[in-house]
Amino acid sequence: MLKLNNVHQKFEIGTVNEKHVLCGIDLHINEGDFVTIIGSNGAGKSTMLNAITGTNMITEGTIIIDGNDVTKEPEYKRAKYIGRVFQDPRMGTASDMSIEENLAIAYRRGKPRTLKWGISHKEREEYKNLLAELDLGLDTRLKDKTRFLSGGQRQALTLLMASFHHPKLLLLDEHTAALDPKTAARVLELTVKLVEENKLTAMMVTHNMRDALRIGNRLIMLHKGRIILDISGEEKKKLNVPDLLEMFKKASGEEMNNDRMQLS
Amino acid sequence: MNVILGAFAQGLLWAVMAIGVYITYRILDIADLTAEGCFTLGAGITCKLITSGCDPFVSTLAALIGGLLAGLVTGLLHTKLKIPALLAGILTMTGLWSVNLRIMGRSNIAILRETSLITMLMEGGLSKNMAAIVSGAALTVVVIAFLWWFFNTELGYSLRATGNNINMIKAQGVNTDTSIILGVMLGNGLIALSSSLVSQFNGFADISMGMGTIVIGLASVIIGEVVFGRRSILNSLIAVALGSVLYRIIIAIVLRLGMNSNDMKLISSILLVIALCLPAAREQVSKVLKNSLRKGGSTNA
């Protein structure tokens, strides 16, 4: 489904500030994989997701999504394959537009925008039902601007938008990090439900080691722009947090250093 | 009374200009200085064509097309050549000065004796001010109706989202360059359309008539929003048009109070500063009021 071949990402090339953030990432993700991604500060987790989405063009290597080489394609063209939820809840929706307008925009992800009416009656009914399923009281607030929603409500809405039309890839970049623990748990639960129900291929960056172990069928660990650990299936199920820390130490020669990392 | 009527007429003629500024400033979140050159461009094209014997309707339509093209230039400079929006607008504005002189052939064209949309209405028995009110109101209503429809289409949604959250809309597969170019074109097309009407009312086009356009436009947008609200697109569009009228009335009153018409530009700048500060000031006042109420409440208890 997704292939990264020898992906390098450098920033500010040719200046004293040159940073080599991704140093030859090779990654093959199969259809239906749910991959959790962990790593220290500055390991390149977000940069890797931004390379996949085309937010940043990579310096070297190739990116193939569902058999299509998208390495040179701009972000908006890749969007048809990818659903995305950002860390900052404000990033996922247009805050001066209503809930239904945001949903309608996402419903047309990757399609040309025409002069047809932006939202149809049929869609509105469908959105109402989908929002009712979220059970966050949003189904009666279709006309409200999203700026009035809480962080949790926004992330749930963004998740719903990202999962429209079975994207080839669902990318979640610490999408529960800005939420309080209870809301975070709820959004995570919804994430798992959406991924399982729609049989999506997903990648989730998280700072919670337990979540990283508990959720998904595969775990990768990044360190200084390289994948230093890639565990899946039964092997992943048997792991616990101390094991993981030990493996990190062995693979990187350092202690795990992430100021947000929750070890338990 | 006549002064207020005159101000009302001016306000309606300029309302579409204010709506054009609203599109770039509010919808796209860009301060687009193309407006300054574009205002002269619309008037210049119309007056040149009318003096060459062209039909007033065609001459007005030509101004719209000229404005769209000016917007296209700014849009391309900003998106394709990655020039910051403010600078892109300044570049087009500056370049337009020469283009406008080329089009007009001299720095001032009078059309006082020619047939224009305004004189056509006056032949129908309307006074000059009434002719301005009728034509200005008609154009404003048509433009608002069109934009209300447009901003509720799929394409309109993506334009609004581009100004609101560019990362989000890119992630939804919209080419934001196209949205920005389209929005800037639309805004400047409307500005030129408005100036075409203004020049037909004034009976001339002048090379420097565009100076101050952006300040007047922004003042109208912000006064309109502060006074008449911005709950929805339709609400905002109507508010901006009414803001333009209110702006003219305020200016008329200030002039009546003894200010010189040479002070106009200074007055418009001060007015915009006040309008920009109003929302913050209002919040401050309501906070103070709330506090004093609370204090009053506690002493009572």
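Chemist: Please provide a residue-by-residue account of the pairing of strand β1 (residues 2–11) of chain A, values included.
Modeler: As paired elements, β1 of chain A and strand β2 (residues 19–29) of chain A share 8 bridges and run antiparallel to each other. In the sheet register, His-8 of chain A faces β2 of chain A, and the bridge partner there is Cys-23 of chain A.

Chemist: Can you break down the sheet that holds β1 of chain A residue by residue, with the values?
Modeler: The antiparallel open sheet is built from 4 strands, whose spatial order is β2-β1-β4-β5 (chain A). Each of the sheet's edge strands pairs with one partner strand only, and the pair in question is β2 and β5 (68–69) of chain A.

Chemist: Report on the side chain of Thr-158 of chain A, specifying residues and quantitative values.
Modeler: Residues and elements named next belong to chain A. If you trace the backbone, Thr-158 turns up in helix α5 (residues 151–162). For Thr-158, a relative accessible area of 2% puts it in the buried group. If near-sequence neighbours (up to four positions away) are discounted, Thr-158 is found in contact with Arg-84, Val-85, Gly-92 and Thr-93.

Chemist: Explain α5 of chain A to me, and be specific about the residues and the numbers.
Modeler: In a regular helix each residue adds 1.5 Å, so 12 residues correspond to 16 Å; α5 of chain A covers 16 Å between its end C-alpha atoms and thus fits that length. Of all 12 residues making up α5 of chain A, 11 are buried, and the element is well covered by its neighbours. Listing the buried residues of α5 of chain A in full gives Gly-152, Gln-153, Arg-154, Gln-155, Ala-156, Leu-157, Thr-158, Leu-159, Leu-160, Met-161 and Ala-162 of chain A. Residues of α5 of chain A that are buried sit in contact with β6 (82–85), α3 (99–107), α4 (121–134), β7 (169–173) and α6 (181–198) of chain A together with α8 (166–171) of chain B.

Chemist: Lay out the interface of chain B and chain A with the relevant residues and their values.
Modeler: Listed per partner, the contact involves 24 residues of chain B and 32 residues of chain A. With both sides pooled, the region where chain B packs onto chain A buries about 2500 Å², and carbon together with sulfur makes up 57% of that total. Its largest share of buried area at the contact with chain A, chain B owes to Glu-154, Tyr-157 and Gln-172 of chain B, together 29% of the area lost on that side. Here chain B and chain A share 2 salt bridges between them. Salt-bridge contacts for Glu-154 of chain B lead to Arg-108 of chain A; the nearest nitrogen and oxygen are separated by 2.7 Å. Inspection of the region where chain B meets chain A yields 15 residue pairs in polar contact (both at pLDDT 80 or more). Elements with a minimum of two residues in the side of chain B that touches chain A: α6 (128–150), α7 (154–164) and α8 of chain B. No other element matches α7 of chain B, which puts 7 residues into the side of chain B that touches chain A. Class assignment of the residues belonging to the side of chain B that touches chain A gives a composition of 10 nonpolar, 9 polar and 5 charged.

So, how was this worked out
- Residues numbered from 1 in each chain as written.
- Chains lettered and ligands numbered in written order.
- Predicted model: local features only at pLDDT ≥ 70, side-chain atom pairs only at ≥ 80, totals over all residues.
- Heavy atoms only, no water.
- Pairing = 2+ DSSP bridges.
- Helix = DSSP H or I, 4+ residues; strand = E, 2+ residues; numbered from the N terminus.
- Buried < 20%, exposed > 50% of the residue type's maximum accessible area, 1.4 Å probe, protein only.
- Contact = heavy atoms within 4.5 Å.
- Expected span 1.5 Å × (residues − 1).
- Buried area = accessible area lost by both parts, 1.4 Å probe.
- Salt bridge = Lys/Arg side-chain N within 4 Å of Asp/Glu carboxyl O.
- Polar contact = N/O pair within 3.5 Å; in protein donor to acceptor, adjacent residues only side chain to side chain.
- Nonpolar A, V, L, I, M, F, W, Y, C, P; charged D, E, K, R; others polar.

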